[in-house]
Amino acid sequence: MRKFIIKRILLSIVILFFVAFVIYVLMRSLPASFVESMAMQLSQGAGAKSFDEWMAQLNASYGLDQGIVPGFFTWLGGALQGNFGDSWKYAVPVTQKFQEVIWVSFIMGGIAFILELIIAIPLGVIAATKQYSRTDYVITAGALVGISLPTFFFATLLKLFFSVQLGWFDLAGLVGRDFKNLDAWGQFWDMANHLVLPIVTLVIVSVGSLMRYTRTNMLEVLNSDYIRTARAKGLSERKVIYHHAFRNTLIPLVTIVGGSLPGLFSGALITETLFSIPGIGYVSYEAMRIGDIPFSMFYMTFLAILTLAGNLISDILYAVVDPRVRIA
Amino acid sequence: MREEKNELKNRPSQEENQGKNAVNTSDDAVQENNQFSLNDDRRVKVLSPGTLVVKRFLRNRLAVVGLVMLLCMFVFSFLGGLLSPYGEDEQFYTYTNMEKEYVGVVQNKDFRYVAADGQEFGSVLQAQFLLAVNKQEDSFTYKDVTYDLTKEGEDFYTISTGGVQIGMASKDIVNAPDDGDAVSYDLRVAALKAYTNGETSFTLNGTDYTLDDEGNVMQGDTVMAYISRFVVQSKENGVAITRNFKEELEKALETDDEEFKYTGEDGEEHVYRIEYKADTDSWSVLQETETYVYDSYAEPSSSHWLGLDKNGMDMMTRLMYGGRVSLIIGFIVVFIAAFLGIVFGGISGYFGGWVDNLIMRIVDVFYCIPSMPLIIIIGASMDAMQVDPQIRMLYLMLILGFLSWPSVARLVRGQILSLREQEFMTATEACGIRVSRRIFRHLIPNVIPQLIVTCTMSLGSTILTEATLSFLGLGVKFPFASWGNIINDVNNSFVMTNYWFVWIPAGICLLITVLGFNFVGDGLRDAFDPKMKR
């Protein structure tokens, strides 16, 4: 087992290296519009140096005068020491900005994820046990509608009904106008209030896939022989489903839930942007739009690490949870 | 519960039995014979696997609903554009009454400077003059030259140096009459002197002038100039403000009227609205004029069923063309992904060994590249380069396709790994069929069912991704329509709250299409599954 884990981790590191390299090459191959526009702006000042001179100076100060491969290794050297450079847009170290905003994303993602679990698993189980019934159709169709809903459209609808027409929530932002004047509880409720719509959006849009996953796996289990045996023994249907079937369904569920835990840190790019929630997704979106290379590099590498970690965790959990799958 | 299940399980077998001679316990000889007859009606009705799939698919209600939804959207998008009487970017105009600023009026509170003929009275001197006035001095020195101020009247000074007058400063303004000549400097000084001191007549160069209450400077009966503190500026090109208009306006301003009527030279009476702007201490006079504009956000009507959008384009037609763009992009992207996925997955699965290892590691790398951020960055840099919208669309398809092939490759490889161990593959090897044929003629067709399911599902998600990008303004760009960039208008919250017809239909189209693909994909997955008992 340990050997397997070590092997997987080493492989992940190699993959990460190449992912970072590919991203770096892509970022560098794009026209450095940020530096260009900055040089353009600086060169237009009174008595300023020419555009080319500014270009050269800025490129040098941002480390863009190196070739792509040496540049990558310089970046990698810094990154390994936890130094991802200064964000161009926010003018602070990337990691500092990251620490400021990651918790909002994590809290938002975490609450949404817990709600998803609470909604998806029971509904998935019910749909599977009543296969082809009306309930099943409604749940399956509902899950598919959730998957098919464009986030931006659904978020806008929510805004229209709950913010504009009912006036329950603010249209955007994490804090209200008089946030500074509130006491600690008031501030907490204010933030909670602002997070309701984004979390509802996240839950509705992503609950469907987990629900379908639960249903499919539950169906698979219900068709297996040991369930038939359990029924043949004359166990009550309740016991068959919740003791024998559901426990076995938990195997794939735990795997996928464990695998998606790192994803809680990745932030919801679209939802955060729509609601102007200053989480990692929104902050990176703003940075990426102006071509902020250090921040984008950091964010994409971070996402790649999360993906790899998710895969690793779900593989390990699979082996841990299910004794039948022990890879030598 | 259990009985229901059994019933379900039994259903297909019953059906199959219907074709066969059902076990008939009758010992009638004729029937006995019939049992062994070879007539068509006695034969076992064999259904091909394809027919079975179709049957199973059609029995799934959701899938059929999805299929209908898709058909509707296809007809809407591809035929709709042909049937619609309007073009994709045809704009509609309308006449609308708009309040346009006709003139702006400022009551002069600053000194206005006029240099005497042939003299210099530049801004430095003007500033020095102001300082001196504020300190209530009667002379100032600049660069060793002393300038003398003479207070000629209320808010009216002349500036001279060494006995020569170089200019004047006053808050009242001397204007030339509409059809008169420019007012000479001397006349200005003389007129202002008289005006500011409350005199009604003055003499200049032997000519007598009179001043009336309205500030007219008259020589005999002809108006040579007029004095006023209001500065009236035309805000429209090519409109000269007549003297008469100014006077009427000033009267209205003095009585604080909100509206004033003026009969122009054409004999028509126009109504103007006067608006006081506190921040600049000025008035603007607004005139209602009929303007020919894009019919932005026109409500739905019989000629435009879903109204018009921001640029005055027919919403319904935009939706049709948008659907075409979204669907075509979806298909091309999925085609690229499927093609690359089949080729690499097929090679990888068939050869195994280091080839497999290499390709799978490439797949791993691609799998880890976060696609959404990457596309956003590329989109933003295409914005910066101002790529042509058509070429941009092409890039978008290539990028999306290139980022989504790894999952197809994994699927194909996984299937092929198990398939290549089966006997029919040994048979192809024994027959000496060449490798490419073995892979693409014998292995890949066996993967097709799963591939179709994946492709159908990913069509839906690709359309969603494209719409999201277009919504963010990084995908399909104007003048091309796409459902995403139609909804883009809601970024303006006024549009969101007031013009539902601009964005709700596009969102519903998007939802229906993606839902259709998902229903059909789901139905196909069930239908292809041989374990399905239904």
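Residues numbered from 1 in each chain as written. Chains lettered and ligands numbered in written order. Predicted model: local features only at pLDDT ≥ 70, side-chain atom pairs only at ≥ 80, totals over all residues. Heavy atoms only, no water.

Draft legend 1. Expanded view of the overall build of chain B. A count of helical and extended segments in chain B gives 16 helices and 15 strands. Sorting the 534 residues of chain B into buried and exposed places 46% on the buried side. Long-range pairs, those at least 24 residues apart, make up 63% of the contacts in chain B between residues at least 6 apart in sequence. Split by element, the accessible area of chain B, about 28,400 Å² in all, is 53% carbon and sulfur. (Helix = DSSP H or I, 4+ residues; strand = E, 2+ residues; numbered from the N terminus. Buried < 20%, exposed > 50% of the residue type's maximum accessible area, 1.4 Å probe, protein only. Contact = heavy atoms within 4.5 Å. Areas by Shrake-Rupley, 256 points an atom, 1.4 Å probe, with all protein chains shown as cover.)

Draft legend 2. Quick peek at the nonpolar core. With 149 residues, the main nonpolar core has Trp75 of chain A together with Ile376, Ile487 and Trp503 of chain B as its most contacted residues. The biggest single contributor to this core is helix α8 (residues 184–222) of chain A, with 13 residues. When near neighbours in sequence (up to four residues on either side) are disregarded, Trp75 of chain A contacts Ala20, Tyr24, Phe84, Met297 and Thr301 of chain A. Within the second largest apolar cluster, 19 residues are counted, among which are Tyr185, Ala194, Leu211 and Ala225 of chain B. (Core = buried A, V, L, I, M, F, W, Y, C linked by side-chain atoms within 4.5 Å.)

Draft legend 3. Fine view of the pattern of salt bridges. This structure, assessed with the given rule, holds 14 salt bridges over all chains. Measuring nitrogen to oxygen at the nearest pair gives 3.7 Å for the salt bridge that ties Glu100 of chain A to Lys97 of chain A. In this pair, Glu100 of chain A and Lys97 of chain A both sit in helix α5 (residues 94–129), 3 residues apart, roughly one turn of the helix. Close ionic contact of Arg410 of chain B with Asp364 of chain B constitutes a salt bridge, the shortest N to O distance being 2.6 Å. Taken as a pair, Arg410 of chain B in helix α11 (residues 389–419) and Asp364 of chain B in helix α9 (residues 353–368) lie far apart in primary sequence, 46 residues in all. (Salt bridge = Lys/Arg side-chain N within 4 Å of Asp/Glu carboxyl O.)

Draft legend 4. The domain arrangement of chain A, seen in detail. What the domain assignment reports for chain A is domain 1 (2–80) and domain 2 (98–289). Its C-alpha centre places domain 1 of chain A at a distance of 36 Å from the equivalent point of domain 2 of chain A. (Domains from an automatic or database assignment.)

Draft legend 5. Broad picture of the side chain of Ser482 of chain B. Secondary-structure assignment places Ser482 of chain B in the loop between α13 (435–471) and α14 (483–487). For Ser482 of chain B, the residues in contact, after removing those within four places along its chain, are Gly322, Val325, Ser326, Glu466, Ser470 and Val476 of chain B.

Draft legend 6. View of the interface of chain B and chain A. At the junction of the two partners, chain B supplies 53 residues and chain A supplies 48 residues. Between Arg289 of chain A and Asp383 of chain B there is a salt bridge; the shortest N-O distance is 3.3 Å. Those elements that provide at least two residues to the side of chain B that touches chain A are α1 (2–19), α4 (61–83), α9, α10 (371–385), α13, α14, α15 (493–498) and α16 (500–528) of chain B. Per element, the largest residue contribution to the side of chain B that touches chain A is 12 residues, and it comes from α16 of chain B.

Draft legend 7. Spotlight on the packing of aromatic side chains. With the rule as written, the count across this model stands at 42 aromatic pairs over all chains. Taking the centre distance of 5.7 Å and the plane angle of 90° together, the rings of Trp185 of chain A and Phe188 of chain A count as edge-to-face. Pair noted here: Trp185 of chain A and Phe188 of chain A are both in helix α8, with a separation of 3 residues, about one helical turn. Ring centres 5.1 Å apart and planes at 20° place the aromatic pair Phe140 of chain B and Tyr147 of chain B in the stacked group. You can call Phe140 of chain B buried: its relative accessible area is 6%. Through pairs of rings, three or more aromatic residues link up here, namely Phe17, Phe18, Phe21, Tyr24, Phe72, Phe73, Trp75, Phe84, Phe98, Phe298 and Phe302 of chain A. (Phe/Tyr/Trp six-rings, centres within 6.5 Å; stacked < 30°, edge-to-face > 60°.)

Draft legend 8. A look at α9 of chain B. The terminal C-alpha atoms of α9 of chain B, which comprises 16 residues, lie 23 Å apart, in line with the 22 Å expected from a rise of 1.5 Å per residue. When we look at burial in α9 of chain B, the residues that qualify are Asp356, Ile359, Met360, Val363, Asp364, Val365, Phe366 and Cys368 of chain B. (Expected span 1.5 Å × (residues − 1).)

Draft legend 9. Broad picture of the sheet that holds strand β14 (residues 269–277) of chain B. Residues and elements named next belong to chain B. What the 5 strands build is an open sheet, ordered β12-β1-β15-β14-β13; its pairing is antiparallel. One side of each edge strand has no neighbouring strand; the edge strands of this open sheet are β12 (230–234) and β13 (259–263). Shown here is a sheet whose adjacent strand axes are inclined to one another by a mean of 35°, direction ignored. Of the strand pairs in this sheet, strand β1 (residues 93–107) and strand β15 (residues 282–294) are connected by 13 bridges, and their pairing is antiparallel. The residue bridging Gly104 from the neighbouring strand is Ser284, located in β15. (Pairing = 2+ DSSP bridges. Axes fitted to C-alpha atoms, helices over the stretch in contact; angles between N-to-C directions.)

Draft legend 10. How the structure looks around the packing of α9 of chain B against α11 of chain B. All names here are of chain B. Relative to each other, α9 and α11 sit at 135°, their axes nearing to 9 Å. In terms of axis orientation, α9 runs oblique to α11. Regarding α9 and α11, the two cross each other, and that crossing is left-handed. On the side of α9, the interface is formed by Asp356, Met360, Ile362, Val363, Asp364, Phe366 and Tyr367, while α11 contributes Phe402, Trp405, Pro406, Ser407, Ala409, Arg410 and Arg413. (Parallel < 35°, antiparallel > 145°, perpendicular 65-115°, else oblique. Left-handed = near helix turned anticlockwise from the far one by under 90°.)

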